[in-house]
Amino acid sequence: MGRIRVLPQTVADRIAAGEVVERPASVVRELLDNALDAGARRIEVDLVEGGRARIGVADDGCGMDPDDALLAFERHATSKIAAPDDLGAIRSLGFRGEALAAIASVARVELVTSPGEGSEGCRVLFDHGRLVGREPAARARGTTVTVERLFANVPARLKFLKSVGTELEHCLRVCTRSALAHPETGFRVRHAGKPLLVAPPAAGIRERIGDVLGSRWAARLVEGRLADGDLRVQVFAAPADVHRPTRAGLHLFVNRRPVRDPLLLGAVRDAFGPSLPSGRYPVAVVYLEIPPEQVDVNVHPTKTEVRFAEPRRVRGAVVAALRGVLARPDALPRLGPPSASPTGPAAPPAGSGATLWDARAAAPEPPGVAEPPADSVRALAQFRDCYIVAEDAEGLLVVDQHVAHERLLYERLLRDAASGPLPRQVLLFPPTVELGPEEGELVERHAGTLQRIGFRIEPFGDRTVVIREAPQILGSRPVEGPLREVLAALGRGDGVGAEQLVPRLLATIACHAAVKKGMPLTREKMDYLLRGLRCCEVPAHCPHGRAISIRIELDRLERAFGRT
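This structure is a prediction, so every number in the text was calculated from the model and none was measured. (Residues numbered from 1 in each chain as written. Predicted model: local features only at pLDDT ≥ 70, side-chain atom pairs only at ≥ 80, totals over all residues. Heavy atoms only, no water.)

## Quick notes on the environment of alanine 25
Reasoning step 1: In this fold, alanine 25 is placed in helix 2 (residues 24-37).
Reasoning step 2: For alanine 25, a relative accessible area of 5% corresponds to the buried category.
Reasoning step 3: For the pair alanine 25 and leucine 168, spaced 143 residues apart in the sequence, the C-alpha separation amounts to 7.9 Å.
Reasoning step 4: When sequence neighbours within four positions are dropped, the list of residues in contact with alanine 25 reads His170, Cys171 and Val174. (Helix = DSSP H or I, 4+ residues; strand = E, 2+ residues; numbered from the N terminus. Buried < 20%, exposed > 50% of the residue type's maximum accessible area, 1.4 Å probe, protein only. Contact = heavy atoms within 4.5 Å.)

Printed below as a string of structure tokens:
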């Protein structure tokens, strides 16, 4: 007797359900998709114990007649596609025809629906894969689906569910994304009878963002649009100094479908670039509209992964739209009072080296902008030879001198690199450097890029090179360390074009050239750093993502000392 056998239908159904229904949030997502595809303009979601005990979704969509209501529980039964060619241009959120069947195989499911207009409604009840009831029922136009005892017949899946709070968080995230994708539809979400999300039908996306994410976030988001033929991108992005430790503030939509797409996520991070701190995520809402035949949503049963026919075009459009927003004045984070518009730093302090205190370290504002008052940001002291304590009209600032100077030098290097190779210095005593095999290959492969950023390197025996010239900005500092870090960055950037790598390499050079912790600074040098920082395009973070300053507002100090 052979060892291969056909699985019983009940086992196959549970396996298939495991691909569609991972947790209560999966049920919520599938039911919301069905409601929205039915044309619902109002949707109510009721949860008990984070969806573990009960999930209810009611809508005012088109509803179903009794025959369709029963047929909807058959696997691969759907009204949304009919032929193989339909899979090449999917316009609905759902299309696989397996959601209700999958849910009903692992839960107790009651469906009450009516097409309205005097037609008879019906009630259908399934209990973990078995049809246990079907009868007429009164209901206004629309559908209500109630799911209880999820995974009661699948103990292995049940034990992997998280706490009520965690499962509720996932359910709310699904509801939030659906609400953001469909501002014309009203959403109400309750947990144990308590309203958690109330979003009435909105006139536009910004209004819906305010309802869902909060008016404070909505006020900080800057809107931008981009059209590239039949591709449309609409973005709402917060300035780079507004960020979160998780992706909770980043929402991506393709044809109003919430997605978790690596290409789009990479495009967002690329658009924010080094202005985004390492390990942090931006606050942004990105809407991409693309002809359905140019995007494949039939990648995974969860339908949150997509593939694009022209991924480079899509990525480029998203990056361009976001960068257009981030370059606008209302999206640029600024150090100090927003009304101040410095024209540039003062001349370098007397007796200081031009390498570290070059007057070009910060870009001047356009002519005609008034010079800010000399005391608009004023250094008070240096703390532990590392932090500059300063004051302005709003309170106190504590500035990390290294990352502040690194930001100034980085932006200077960016401007210099835009006009040609970086200024180089001939080394009087050229050092020899022994390279590893990978480093040697990188030196050969990226010789042009290395020369562009200021390194001229020649072979000097087996696996050894001599550094004839180095970036001028490094001054008398050792150059072997910066070279090795640049090579490491080039190695991590395999597959990325040279133009995209240059900013990363310049950030490495700026870090090595900047003043370090433990270097005493005169008052004049501290003021120079502060004034130069206020002229930077991105004064909130160094190019590697570290925060440059923290602020202690005056009213916070006064409250602490009981003066309010």
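After that view, the rundown keeps rolling.
## Considering unusual backbone geometry
Reasoning step 1: A positive phi angle, near 55°, is found at glutamate 49, a position not held by glycine.
Reasoning step 2: Counting through the fold element by element, glutamate 49 comes out in the loop between strand 1 (42-48) and strand 2 (54-59).

## Remarks on helix 2
Count 3.6 residues to each turn of an α-helix, and residues three or four apart come out pointing the same way.
Reasoning step 1: Over its 14 residues, helix 2 extends 20 Å from the first C-alpha to the last, a length consistent with the 20 Å expected when each residue adds 1.5 Å.
Reasoning step 2: Of the residues making up helix 2, those classed as buried are Pro24, Ala25, Ser26, Val27, Val28, Arg29, Glu30, Leu31, Leu32, Asp33, Ala35 and Leu36. (Expected span 1.5 Å × (residues − 1).)

## A word on the sheet that holds strand 6 (residues 142-148)
Reasoning step 1: Ordered in space as 5-4-3-6-2-1-7-8, the eight strands form an open sheet in which the pairing is mixed. Across the chains shown, the open sheet's two edge strands, defined by having one partner strand only, are strand 5 (130-137) and strand 8 (194-199). Neighbour-to-neighbour, the strand axes of the sheet open up by a mean angle of 10°, direction not taken into account.
Reasoning step 2: Bridge count for strand 3 (residues 108-114) against strand 6 is seven bridges, and the pairing is antiparallel. (Pairing = 2+ DSSP bridges. Axes fitted to C-alpha atoms, helices over the stretch in contact; angles between N-to-C directions.)

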